[in-house]
Amino acid sequence: MIGVLIITHGATGADMLATATQVIGAPPPRAAALGLARDEDPEAALARARALLSTLEDGSGVLVLTDMFGATPGNVASRLLADGRVEGVSGLSLPMLVRALGARDGTLQASVARALSGGTEGVVHMNRDRCCNAPR
């Protein structure tokens with residue numbers, strides 16, 4: 001099963017994983033969140049991330065999701081990447097996470113594609129014309 005490691009600022013990742021657990025209805029196996037403090041040493045964060053990564057890897061690969069490309073969590077995530085074994089996606093959102101956790105028995109590349117589609121398809125401009133249940 002593809003592992004999922006979430007690396008974010010503060011408790012964002014843990015909170016999103018808890019919310020995804022509510023949506024899915026059960027704690028997802030082989031998933032973990034790592035929250036980084038504002039003043040945390042990046043090398044210490046990387047060591048913690050590598051330790052978590054090793055617990056999630058069963059030979060199927062690990063998808064690393066991070067909140068913001070170019071920020072410390074994204075930079076830590078980028079140092080974990082290994083093509084075909086550990087892949088990353090930034091811009092974490094709840095639709096992305098739920099989709100990524102949904103079906104992880106396939107390939108790592110398929111998990112990356114599901115995460116990307118959840119992120120892009122989860123962004124919807126809502127207005128009264130699109131929300132048929134909205135009061136008028």
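Residues numbered from 1 in each chain as written. Predicted model: local features only at pLDDT ≥ 70, side-chain atom pairs only at ≥ 80, totals over all residues. Heavy atoms only, no water.

A.B. asks: Quick rundown of the overall build of the chain? Include the residues and the values.
C.D. replies: What the chain contains, in helices and strands, is 5 helices and 4 strands. When the helices and strands of the chain are listed from N to C terminus, the series reads β-α-β-α-β-α-β-α-α. Its C-alpha atoms put the chain at 55 × 35 × 25 Å along the principal axes. Taking all 136 residues of the chain together, the buried fraction comes to 38%. Summing over all exposed atoms, the chain offers an accessible surface of approximately 7,400 Å²; the carbon and sulfur share of this is 56%. If you average the places of the 12 positive and of the 13 negative side-chain charges in the chain, the two averages end up 6 Å apart. (Helix = DSSP H or I, 4+ residues; strand = E, 2+ residues; numbered from the N terminus. Buried < 20%, exposed > 50% of the residue type's maximum accessible area, 1.4 Å probe, protein only. Areas by Shrake-Rupley, 256 points an atom, 1.4 Å probe, with all protein chains shown as cover. Lys, Arg positive; Asp, Glu negative; His and termini not counted. Charge placed at Lys NZ, Arg CZ, Asp CG, Glu CD.)

A.B. asks: Requested: an account of the packing of helix H1 (residues 12-24) against helix H4 (residues 94-102), with residues and values cited.
C.D. replies: Close contact between H1 and H4 brings their axes to 10 Å; oriented N to C, the two are set at 60°. Comparing their axes, H4 and H1 come out oblique. Taken as a pair, H1 and H4 cross one another with a handedness that is right-handed. Contact residues: Met16, Leu17, Thr19, Ala20, Val23 and Ile24 in H1; Leu94, Leu97, Val98 and Leu101 in H4. Class assignment of the residues belonging to the contact of H1 with H4 gives a composition of 9 nonpolar, 1 polar and no charged. (Axes fitted to C-alpha atoms, helices over the stretch in contact; angles between N-to-C directions. Parallel < 35°, antiparallel > 145°, perpendicular 65-115°, else oblique. Left-handed = near helix turned anticlockwise from the far one by under 90°. Contact = heavy atoms within 4.5 Å. Nonpolar A, V, L, I, M, F, W, Y, C, P; charged D, E, K, R; others polar.)

A.B. asks: With reference to specific residues and values, describe the pairing of strand S3 (residues 62-66).
C.D. replies: Looking along a regular strand, one sees side chains alternate from face to face of the sheet. Of all the 5 residues making up S3, 5 are buried; the element is thus mostly covered by neighbouring parts of the structure. Burial along S3 is two-sided: Val62, Val64 and Thr66 and Leu63 and Leu65, pointing in opposite directions, are all buried. Where strand S1 (residues 3-9) meets S3, 5 bridges bridge the pair, whose relative direction is parallel. Each residue of the ladder has a partner; that of Leu5, found in S3, is Val64. Traced from S3 through helix H3 (residues 72-78) to strand S4 (residues 86-90), the parallel crossover comes out right-handed. (Pairing = 2+ DSSP bridges. Right-handed = clockwise from strand over helix to strand, strands pointing away.)

A.B. asks: So what's going on with the sheet that holds strand S2 (residues 31-36)? Residues and values would help.
C.D. replies: Across the sheet, which stays open at both edges, the 4 strands sit in the order S2-S1-S3-S4 with parallel pairing between neighbours. Two strands bound the open sheet, and with one partner strand each, they are S2 and S4. Averaged over all neighbouring strand pairs, the angle between strand axes comes to 20°, with direction disregarded. Its contacts with the sheet put helix H2 (residues 42-56) on S1, S2, S3 and S4, and the angle it makes with S2 is roughly 175°.

A.B. asks: Break down unusual backbone geometry for me, citing the residues and quoting the values.
C.D. replies: Trans is the prevailing form of peptide bonds, just as negative phi is the prevailing case for residues other than glycine. One non-glycine residue with positive phi stands out, namely Arg30, at about 55°. For Arg30, the location among the structural elements is in the loop between H1 and S2.

A.B. asks: So what's going on with helix H5 (residues 108-121)? Which residues, and what values?
C.D. replies: It helps to recall that an α-helix has 3.6 residues per turn; residues three or four apart then point in one direction. With 14 residues, H5 ought to run about 20 Å at 1.5 Å a step, and its terminal C-alpha atoms sit 20 Å apart, in line with that. For H5, the set of buried residues is Leu108, Ser111, Val112, Arg114, Ala115, Ser117, Gly118 and Gly119. Contacts made by the buried residues of H5 are with S3, S4 and H4. (Expected span 1.5 Å × (residues − 1).)

A.B. asks: Please provide a residue-by-residue account of the environment of Ala103, values included.
C.D. replies: Considering the arrangement of structural elements, one finds Ala103 in the loop between H4 and H5. Its relative accessible area of 41% is what places Ala103 among the partly exposed residues. Taking C-alpha positions, Ala103 is 14 Å from Ala26, a pair spaced 77 residues apart along the chain. Leaving out residues up to four positions away in the same chain, Ala103 has contacts with Ser111 and Arg114.

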